[in-house]
Each structure stands twice: as structure tokens, then as C-alpha cells.
Amino acid sequence: MPNPFLSLNYETALEDLGDDYYDPVPAAEFPERILRFRNDELLPIIGLQPEAVSDDDFIEAFGSFEGVRPFLALRYHGYQFGEYNPSLGDGRGFLSGQVRGVDGELYDFGTKGSGRTPYSRSADGRLTLKGGVREVLAAEALHQLGVKTSRCLSLIETGEALWRGDEPSPTRSSVMVRFSRSHIRFGTFERLHYFQRPDLIGKLLNHVIEVYYPLVDPESKDCYALFYAELVRRVARLAAQWMVAGFCHGVLNTDNMSITGESFDYGPYAFIPTYDLRFTAAYFDYGGRYSYGNQPGICQFNLEMLQVPLRMVADKFDLEAGLAKFPEYYYEAYRQLMVQKLGFTELPVAEAKELLGETIQLLQGTQVSYHGFFAELARLFSPQWREDAEAVLQGCSFPLEAWQEWRRLYYQLLNELPREEMEAVERRLRFENPQTALLRPQIEAVWEPIVRGDDWQPFYDLLGKIRFKK
């Protein structure tokens, strides 16, 4: 049987823009190819049925990289920890193909760990197996938490021993394929500004609008301003999704920001154990620039930096007007998403603000588990909470003394709903709040059996738990 991946109708949307945006590169050859993860949930999106795709098909397409050519290492720059870096670009990955989904959208297959490129500098172009495992888990957890995110299509162990500066001995290697809307970054435009190429900025921007912003009329005289305003809205909502999920990206440089407003590229990420705005995910983020609480502001800053290249083709005042809406978009999205996490479809603004204020103040003040609180809220909820304020959170694992006012407020808000809405509240709480949180100890707990005995079952078990929705 022919390999279904090699029979897909690949498109050349980015390649057709010309080689000012990328470099054709070869894929590395690996001594081994062992499929460790395949994402069958993604296959129907590109018109494939899981039972028609074998493990060998994954290995041939995304381990040996047979078939589709060319592979494109994308060119970009970026602001890293606030400093401009012109020495970036795809250093261990490439765009391996673009396919049209059954939904009509264009999707990218992008690699990580597929070998050296002109932008590798002194690095080996490889991905550690643990890094691949972590990215699979992050993407699946975020997807289930409602974050607009890229996902991993496959993870293949490649049989090489990799030396890393923070490891005392060699570690295992892998190659991953990311499934996303686009790998065009803010930094893609910043590089073109660096070389003073407004012609290439306009060409790329027209492509982005045509492919990824269907509601923007490309013939409109203010299409660039409309695109930017929509990007601001998308990024503000993405930042709100991270904050509600309790997720800290770790390295929000402009080369890690997608022009489609999609979350991607998970390196030193972490989910917060307790509500702490100063929590950082990256051990090297000494000043806390990319702390959990700084994420919305950093996203706004990155959007502001994007205005620099965009001003070569768009009106400065239109761009500034678009960015001015960021706080409003962010707080509106955060408020609505948190209200849903607390079990309601919507609340009047004043009541939503009061409930959120009380909730966050208590989470921060008591330092109970952030994810544990919402998981217990979902697990313990009963329609009887509408009848008795003292029943709210009864039986929870944390001391209730500090939560008395919150319990009365939650009881009051439940009583403003029709009685028949209680089942919907319960369903919503269970849907929005999984019982398993992807904290650092959980990741280490599945990695240890892999290292010691090549036992992957705990990894697959954890995947099943974070994907499960009641």
C-alpha cells in the first residue's frame, strides 16, 4: 500500500514566495527510527483515517523524510530578552510540507531536531528525546485546556547520543513534527526590516492576509491596518488563554510568536503550581522577564516591536490605534474564560469582576494549588450548593476558613440561575477543569521510567489523562 502521507496533495504556498524567505536544506540521516508518539486525532483534519496509516508510514515520512521536497529552513530574526538578535533562523528544523485540511485551512508540517541548517551556528541541529516528550505533553495539555496551539503530529526516537551543557552524560535524541497553521513569525518581518526590504514585507504580508486572515479584504486600502488589529485581538486572547490555563511559556521572544496568533514552540515551559505572578519557567530567566504574570505585557510589547517593520508598508497611526485595544481585548477574554472555568456561561460584568477578584485574591493569598482548586470545584460540585452556602466546597482538601465570603458569593450567583441550569454548570466545570495537571513532577515521573527501563506506558497513561474530557 502506498504511504498516505506521501500521497497528500502538498501545496507550495510559502515556497512560491521565493527564496528570500528560506533556504532549501537536507534532512539528517539517523541511525535508528523508533516511533514513540503518533497523533491520530490530527489525521482526519487532513483527510486521513488512523486505521489507514501505519507506524511505518509515519517513520518513512517523518523519520526518513522520504517523498516531499524541498525542505525549507525559514529565515527570521527576533528580540530575545529585549535585545535584537540578527543571527537566528531555523537552526534545527524546517518546513517539510503544507497541506490543505478538510476544513479548507492550510496547515504546516514543521520539524524540530531534523539536522543542521545554515542557522545552526555551533549547535548540532538535534532535539533531545526529553525535549520532544515535553513538547508533545505541553501541546496536548494546552489543546485540551482550550488554548489555540500547535500540536505534535509525531515523535520519533533517532538513536543518537546528544551532549548538552546541563547534562552530566549523553541523552537520547529525537525528531518531532509539529502541526500548525503557520511557522511565519514576528521575527520573519523583523529580519526584512533589518535588511530594509519593504517590498518583501509587503509581499509576505499580502500572503499572510490571503491565507490566514480571510475576513480581511486584501483589496481594501486599509487591509494592513485591519490585519494588524485582528492580530492584536488574537494575541490578546491567546495571552488570556495562557493565564487562565495557568501556563507559563517561558521564552516569549519575538521569534517564538506566530503571525497567526497561535501558541507554539515549547521549550522551558511550566504550569504554575500555585497562583504566583512572579513564577518563571526558564532557569536562565534571572530577572523574571517572562514570568507568568508578565506574559500579557510581553505580548503587547512584541506586538509593538512588530510595528517597526510593518511601518514600512502601513500607517503608523493605524497600527498604534490597533495596539491600543490590546488591554481591552485581553481583560475581556480573561474575564470570560475565567467565568467559564468557574462554571458559568456568562455573568454581568460587575458580578464577574467581583467573583474573579475574590477568586484570584484567595488563590494568591492562600497559595492553594491553582489547578487543584479548580479540579476540586469540578469534582465536588453538587446542585445542592444552590440550596445551602455551607455546602459549597464542603469536603475539599484545603482549609475553608479563608473561603467563607467566596462560598457565599458563589452560592448567591448560583441562585441567580434557573434551577435547571445546575446540570449545565456541573458539565461546564468538568469540561473546563481536568483532574490531572501537567506539573513538573508529573513530567519527571513519566520520564524516569523511559530513562531507566525504556518503559513508555506511564507517558501514554499521562497523555490519556490530560486528553480526557468528561
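Just so you know, these numbers come straight off a predicted model, no measurement behind them. (Residues numbered from 1 in each chain as written. Predicted model: local features only at pLDDT ≥ 70, side-chain atom pairs only at ≥ 80, totals over all residues. Heavy atoms only, no water.)

A.B. asks: What is the right way to look at the nonpolar core in this model?
C.D. replies: A general feature of soluble globular proteins is that nonpolar side chains tend to end up buried together. Leu137, Leu393, Trp406 and Tyr410 are the most contacted members of the largest nonpolar core, which has 132 residues in total. If you tally residues by element for this core, the top one is helix α5 (residues 223–245), at 15 residues. Leaving out residues up to four positions away in the same chain, Leu137 has contacts with Tyr269, Leu438, Ile443, Val446, Phe459, Leu462, Leu463 and Ile466. Ranked by size, the runner-up nonpolar core spans 29 residues in total, among them Ala61, Phe62, Phe94 and Phe179. (Core = buried A, V, L, I, M, F, W, Y, C linked by side-chain atoms within 4.5 Å. Buried < 20%, exposed > 50% of the residue type's maximum accessible area, 1.4 Å probe, protein only. Helix = DSSP H or I, 4+ residues; strand = E, 2+ residues; numbered from the N terminus. Contact = heavy atoms within 4.5 Å.)

A.B. asks: Explanation requested: the environment of Glu140 in the structure shown.
C.D. replies: Here Glu140 shows up in helix α2 (residues 129–144). Judged by its relative accessible area of 0%, Glu140 is buried. Along the primary structure Glu140 and Gly464 are separated by 324 residues, whereas in three dimensions their C-alpha atoms are 9.8 Å apart. Excluding residues that lie within four positions of it along the chain, Glu140 makes contacts with Asn39, Glu41, Arg151, Cys152, Leu463, Ile466 and Arg467. A polar atom in the side chain of Glu140 sits 2.8 Å from the side chain of Arg151. (Polar contact = N/O pair within 3.5 Å; in protein donor to acceptor, adjacent residues only side chain to side chain.)

A.B. asks: Would you mind going over helix α13 (residues 440–453) with me for this structure?
C.D. replies: One full turn of an α-helix is made of 3.6 residues, so residues set three or four places apart face in the same direction. The end-to-end C-alpha separation of α13 is 20 Å, in line with the 20 Å expected for 14 residues at 1.5 Å each. Buried within α13 we find Ile443, Val446, Trp447 and Ile450. Each buried residue of α13 lies within a common arc of 100° when the element is viewed along its axis, so the set occupies one face. Of the exposed residues in α13, the ones pointing more than 90 degrees away from its buried face are Pro441, Arg452 and Gly453. As for α13, its buried residues are in contact with α2, β11 (171–180) and α14 (457–467). (Expected span 1.5 Å × (residues − 1). Arc of directions from axis to C-beta.)

Distances and angles like these do not, on their own, reveal function.
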